[in-house]
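Given next are the chains, with one letter for each unit.
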Amino acid sequence: LLRKKAMRMMQATRFAITRRTMATVARSIESKLQQQLKPTHLEVWNESHRHNVPENSETHFKIIIISDQFETVPLIKRHRTVNEILKQELEGPVHALSIVAKTPSQWKILQEKSGGNFSIEPSPNCRGGDGSLPPKNNS
């Protein structure tokens, strides 16, 4: 009985530590990007729930970042910059990263063209990697 109770306590502790660690990934991403790119607009979306990963995972993210530092920088270099800033996360818990990186003037044009209703679409639901798995039931 004591052994079972000790095992349950260890599992509960491990789960709590895992949840606390996982909850810091999005904050780490946001903090690093804020510090290094000084964005005028930043959104960090955890899209892990759209993929075949355990509940409460922080493995799949979409970043919308608007920064003056992107002026005259080609799109590929913007993405490389974000990837370099988040190198530690990409080597660890982050499996997928979608990046929307714009200058303030580009962002303003998108907003104006849409009458202020411009929005970024979420990434599509996971299809099981190569599409061989059935779609995740989101009901």
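Residues numbered from 1 in each chain as written. Predicted model: local features only at pLDDT ≥ 70, side-chain atom pairs only at ≥ 80, totals over all residues. Heavy atoms only, no water.

Colleague: Mind showing me how you'd approach the confidence of the model for the protein here?
Modeller: Fine structural detail should not be taken from predicted coordinates in areas where pLDDT scores are low. Scored by pLDDT, the protein has a mean of 80; 74% of the residues are at 70 or more. Summarising per-element confidence for the protein, the mean pLDDT is lowest in helix 1 (residues 2-22) (45) and highest in helix 3 (residues 75-85) (98). Here residues 6-22 is modelled with pLDDT under 50, and outside its nearest four sequence neighbours on either side it reaches 4 contacts, counting other chains as well. In this model residues 130-134 is a low-confidence stretch, pLDDT under 50, and it forms 4 contacts with partners more than four residues away in sequence or in other chains. (pLDDT = per-residue confidence, 0-100. Helix = DSSP H or I, 4+ residues; strand = E, 2+ residues; numbered from the N terminus. Contact = heavy atoms within 4.5 Å.)

Colleague: Just to check I follow, could you spell out the nonpolar core for this structure?
Modeller: Most often, soluble globular proteins keep nonpolar side chains buried together rather than apart. Grouped together as the largest cluster of nonpolar side chains are 16 residues, with contacts concentrated most on Ile29, Leu33, Leu37, Ile63, Ile65, Val82 and Leu86. For this core, the elements supplying multiple residues, two or more each, are helix 2 (24-37), strand 2 (60-66), helix 3 and strand 3 (96-102). It is helix 2 that provides the largest number of residues to this core, a total of 5 residues. Leaving out residues up to four positions away in the same chain, Ile29 has contacts with Val44, Phe61, Ile63, Leu86, Glu89 and Val94. Ile64, Ile66, Trp107 and Ile120 belong to the second largest nonpolar core, which has 5 residues in total. (Core = buried A, V, L, I, M, F, W, Y, C linked by side-chain atoms within 4.5 Å. Buried < 20%, exposed > 50% of the residue type's maximum accessible area, 1.4 Å probe, protein only.)

Colleague: Help me understand the side chain of Ser123, please; the structure alone is not making it clear to me.
Modeller: Structurally, Ser123 can be placed in the segment after helix 5 (104-113). In this structure Ser123 comes out as buried when scored by relative accessible area, which is 13%. Among the polar contacts made by the side chain of Ser123, one reaches the side chain of Glu47 at a distance of 2.6 Å. (Polar contact = N/O pair within 3.5 Å; in protein donor to acceptor, adjacent residues only side chain to side chain.)

Colleague: Just to check I follow, could you spell out the packing of helix 2 against helix 3 for this structure?
Modeller: The packing of two helices is summarised by the inter-axis angle and the distance between the axes. For the pair helix 2 and helix 3, interaxial distance at closest approach is 10 Å and the crossing angle is 125°. Taken together, the axis directions place helix 2 and helix 3 in an arrangement best described as oblique. Helix-helix and strand crossings are classified by hand; for helix 2 and helix 3 the assignment is right-handed. Contacts from Lys32, Leu33, Gln36 and Leu37 in helix 2 reach Thr81, Val82 and Ile85 in helix 3. Split into classes, the residues belonging to the contact of helix 2 with helix 3 amount to 4 nonpolar, 2 polar and 1 charged. (Axes fitted to C-alpha atoms, helices over the stretch in contact; angles between N-to-C directions. Parallel < 35°, antiparallel > 145°, perpendicular 65-115°, else oblique. Left-handed = near helix turned anticlockwise from the far one by under 90°. Nonpolar A, V, L, I, M, F, W, Y, C, P; charged D, E, K, R; others polar.)

Colleague: Would you explain the pattern of salt bridges in this entry?
Modeller: Pairs can form between side chains of opposite charge once their charged atoms are near each other. Following the criterion strictly, the structure yields 2 salt bridges and no others. Lys32 serves as the salt-bridge partner of Glu89, at 3.0 Å between the closest nitrogen and oxygen. Of this pair, Glu89 sits in helix 4 (residues 87-91) while Lys32 sits in helix 2, placing them 57 residues apart in sequence. Accessibility assignment for this pair places Glu89 and Lys32 in one class, buried. (Salt bridge = Lys/Arg side-chain N within 4 Å of Asp/Glu carboxyl O.)

Colleague: Mind showing me how you'd approach unusual backbone geometry here?
Modeller: For residues that are not glycine, phi is negative in most cases, and the peptide bond is trans in most cases. Within the chain, Asn56 stands out as a residue other than glycine whose phi angle is a positive 70°. If you trace the backbone, Asn56 turns up in the loop between strand 1 (41-46) and strand 2.

Colleague: Please explain helix 3 as it appears in this structure.
Modeller: One turn of the α-helix equals 3.6 residues, which is why residues spaced by three or four share an orientation. Of all the positions in helix 3, only Arg78, Val82 and Ile85 are classed as buried. The buried side chains of helix 3 occupy one side of the element, clustering within an arc of 65° when seen end-on. Exposed residues lying more than 90 degrees from the buried face of helix 3 are Arg80 and Glu84. Residues of helix 3 that are buried sit in contact with helix 2, strand 2, helix 4, strand 3 and helix 5. (Arc of directions from axis to C-beta.)

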